[in-house]
Every structure is written in structure tokens, then in C-alpha cells.
Amino acid sequence: ELEGRVAIVTGSTSGIGLGVAEALAARGAAVVLNGFGDAAAVEDTTRRISDAHAVPVRYDGADMSDPAQIEALVERTRRAFGPTDILVNNAGIQHVAPIEEFPPEKWDAITAINLSAAFHATRAALGAMKERGWGRIVNVASAHGLIASPFKSAYVAAKHGVIGLTKVTALEAAEHGVTCNAVCPGYVWTPLVAGQVAAQARAHGLSEKEVIRTVFLAEQPTRRFATIEEIAATVAFLCSDGAASITGVALPVDGGWTAH
Ligand code: NAD
């Protein structure tokens, strides 16, 4: 149902972004992968997705903390595949520390990658979507875009900001066949969360299993991690024609966490 569409998924060499890229390719979109990673592994992934779904797939290593590289990513995509129809702003990083100890450079990096990158990519891609009367922008925010936890000042601020940007983009694009929505995952088992689990286990002198049960899944009423496939299916739905009247929402995919 996305045949002929061109999709950019930022931060798609790993985790949720990779799952989203696969889901869009499976529905027929040409996909641009982005993110960091070992060159051979990235090449393997690119070929694997392209072969599995018979769609063009290319990799672009733009650093999402750099506005000029983000603009170049959109321009290179246009030259290779044509104008961007689907933009999934997914790249993100985390750092956990009390505010007094939070390194200012981590604040800057998190707000650049988790928030400003979505603005720069939207700024570069939106004009062509509006001109052609169809577009989908999905911002991967977080349950932490809706509620807070201690020690995640930069992340929570950036994700709340992304939801604000989502609403503004939705309003500006609404008459042009372009939707913009945020998806708000709860905890999903990816390298980003595995890193936090390991760090908390060290900090509290607990086993990783105990940390998962008492800290992470204690928040999530389903008592299990959401899966990458569940997040990817939600993003793919928001990109479909059936979702044309859904715009400006922040959709939790969090096993009930934000229903508390
Ligand atoms: P991940 O660490 O598995 O993947 C992050 C991706 O972003 C990787 O491909 C990485 O290379 C890329 N990336 C990081 N810095 C980059 C940069 N400067 N330029 C380009 N790419 C960069 O993490 P994930 O868990 O899949 O997270 C993906 C998104 O989902 C993030 O925005 C994260 O905040 C959000 N999220 C994750 C969870 C979760 O539980 N895993 C929950 C809510 C929201």
C-alpha cells in the first residue's frame, strides 16, 4: 500500500528505527536507512531489506546532530529516489543523571538529536510534501513525551518538545494532505534500554532481572516490554491512507503506562 513512496527513517541501523524501516519496505516503500554502525553490518542490513521486499534501499550516514547534514540527507534522497513522501524522525539517545550532575554537553546532544533534528528534517522535507499534496511525518517521541521520570531531564524535555513540534507541523500541513503524528512508546527492548538496565543494575547493586521487574516493567501494566514490531506496525498504520484524518496526535504504545 506504500508502493512508490519514498521514506527516510532516521536512526534506523538499530532498534525501533530498523523495525520501522522493515515495516515500510514490507509495504512497498523505497527506504533510506540512517544511523551509526559498523559499515559491513550496515551494508548487510541494506541488502537484506532490499532483497526481502524487492524495494530500493539505500544507507545515508548523516549525523542527526548536525543541521547541515540533515538538509543534505533530504537532498541526497531526492536525487537518488525522488522527493520524500514519508519522514520518520526516530534517531535518539539517552543519558540518565540528576540535574545537578547532568553534563551540559549531554543536554546539548540530546536536545539536538531527539528534538532539533526533527525540526531540521521536517523543514527540509515538508515543502515538497505540501506541493505534491501527500505526506506523512511520524515523530518517534516516548511515553516520556507525556509524563516525566526523575534523572531524565534532557530526554523528557526533548520528547515533550517533539510533541509540541508535531502539533504545529500537523496544523501547518493539514490542508495539504500531509499528516504529522507522534508515537509514544513505553519500554521496548532495544540497545538503548539494555544500556539503561545495565547501568541501573550497577548503580543499585541488583541483578538485571530484578531491575527489569522493579524499575522498568513496574511502570508498564502489561508487565512486558512493547515489541519493536508493535511500534513499527503503529508507524506503518499512521503512514497509510486509512490514517489520513489522524493528525497532531501523540499516540501511546506503552502497555497502559500513561493510563496510570
Ligand atoms: P537504539 O539505540 O537501538 O537506536 C538508535 C538509533 O539512532 C541507532 O540507529 C543510532 O545509530 C541512531 N543514532 C544515534 N545518534 C545518532 C546521530 N547523531 N545521527 C544519526 N543517527 C543516530 O534506540 P531505540 O530504543 O531503537 O530508540 C529509537 C527511538 O525510540 C529514540 O528516539 C528513542 O528515544 C525512542 N524510544 C525508545 C524507547 C525504548 O524503550 N527503546 C521508548 C520510547 C522511545
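Thresholds applied
Residues numbered from 1 in each chain as written. Predicted model: local features only at pLDDT ≥ 70, side-chain atom pairs only at ≥ 80, totals over all residues. Axes fitted to C-alpha atoms, helices over the stretch in contact; angles between N-to-C directions. Helix = DSSP H or I, 4+ residues; strand = E, 2+ residues; numbered from the N terminus. Parallel < 35°, antiparallel > 145°, perpendicular 65-115°, else oblique. Left-handed = near helix turned anticlockwise from the far one by under 90°. Contact = placed C-beta atoms within 7 Å. Nonpolar A, V, L, I, M, F, W, Y, C, P; charged D, E, K, R; others polar. Near = placed C-beta within 6 Å. Domains from an automatic or database assignment. Expected span 1.5 Å × (residues − 1). Buried ≥ 20, exposed ≤ 12 C-beta atoms within 10 Å, placed from the backbone. Pairing = 2+ DSSP bridges. Right-handed = clockwise from strand over helix to strand, strands pointing away.

Here the focus is the packing of helix α1 (residues 15-26) against helix α8 (residues 228-239). Taken N-terminus to C-terminus, the directions of α1 and α8 make an angle of 50 degrees; their axes are 8 Å apart at the nearest point. When the axis of α1 is compared with that of α8, the two are oblique. In the crossing of α1 with α8, the sense of the turn from one axis to the other is right-handed. Within the contact between the two elements, α1 uses Gly15, Ile16, Gly19, Val20, Glu22, Ala23 and Leu24 and α8 uses Ile228, Glu229, Ile231, Ala232, Ala233, Val235, Ala236 and Cys239. By residue class, the composition of the contact of α1 with α8 is 11 nonpolar, 2 polar and 2 charged.

All right, on to the site of the ligand then. Among the 29 residues in the neighbourhood of the ligand, the closest are listed as Gly11, Gly15, Gly35, Gly92 and Thr190. Every element with two or more residues in the shell around the ligand is listed here: α1, α4 (104-132) and α6 (191-204). Its residues placed into classes, the shell around the ligand shows 13 nonpolar, 15 polar and 1 charged. When we break the shell around the ligand down by domain, the ones giving at least three residues each are domain 1 (6-186 + 227-252) and domain 2 (187-225).

With 15 residues, helix α2 (residues 39-53) extends 22 Å from end C-alpha to end C-alpha; this agrees with the ideal 21 Å at 1.5 Å per step. Taken from the residues just after α2, alanine 54 is the one with a positive phi, measuring 55 degrees.

Let us now look at the pairing of strand β2 (residues 30-34). Of all 5 residues that make up β2, 5 are buried, and the element is covered over most of its length. The alternating pattern of β2 places Ala30, Val32 and Asn34 on one face and Val31 and Leu33 on the opposite face, and all of these are buried. Of the pairings in the sheet, the one linking strand β1 (residues 6-9) to β2 comprises 4 bridges and is parallel in character. Its bridge partner lying in β2, alanine 7 is registered against valine 31. Note on the crossover from β1 through α1 to β2: the handedness is right-handed. One ladder, built from 4 bridges, connects β2 with strand β3 (residues 57-60); its direction is parallel. If you follow asparagine 34 over to β3, its bridge partner there is aspartate 60. Chirality of the crossover, the property in question, places the unit of β2, α2 and β3 among those that are right-handed.

So, to be careful, I would describe these as geometric facts and stop short of saying anything about function.
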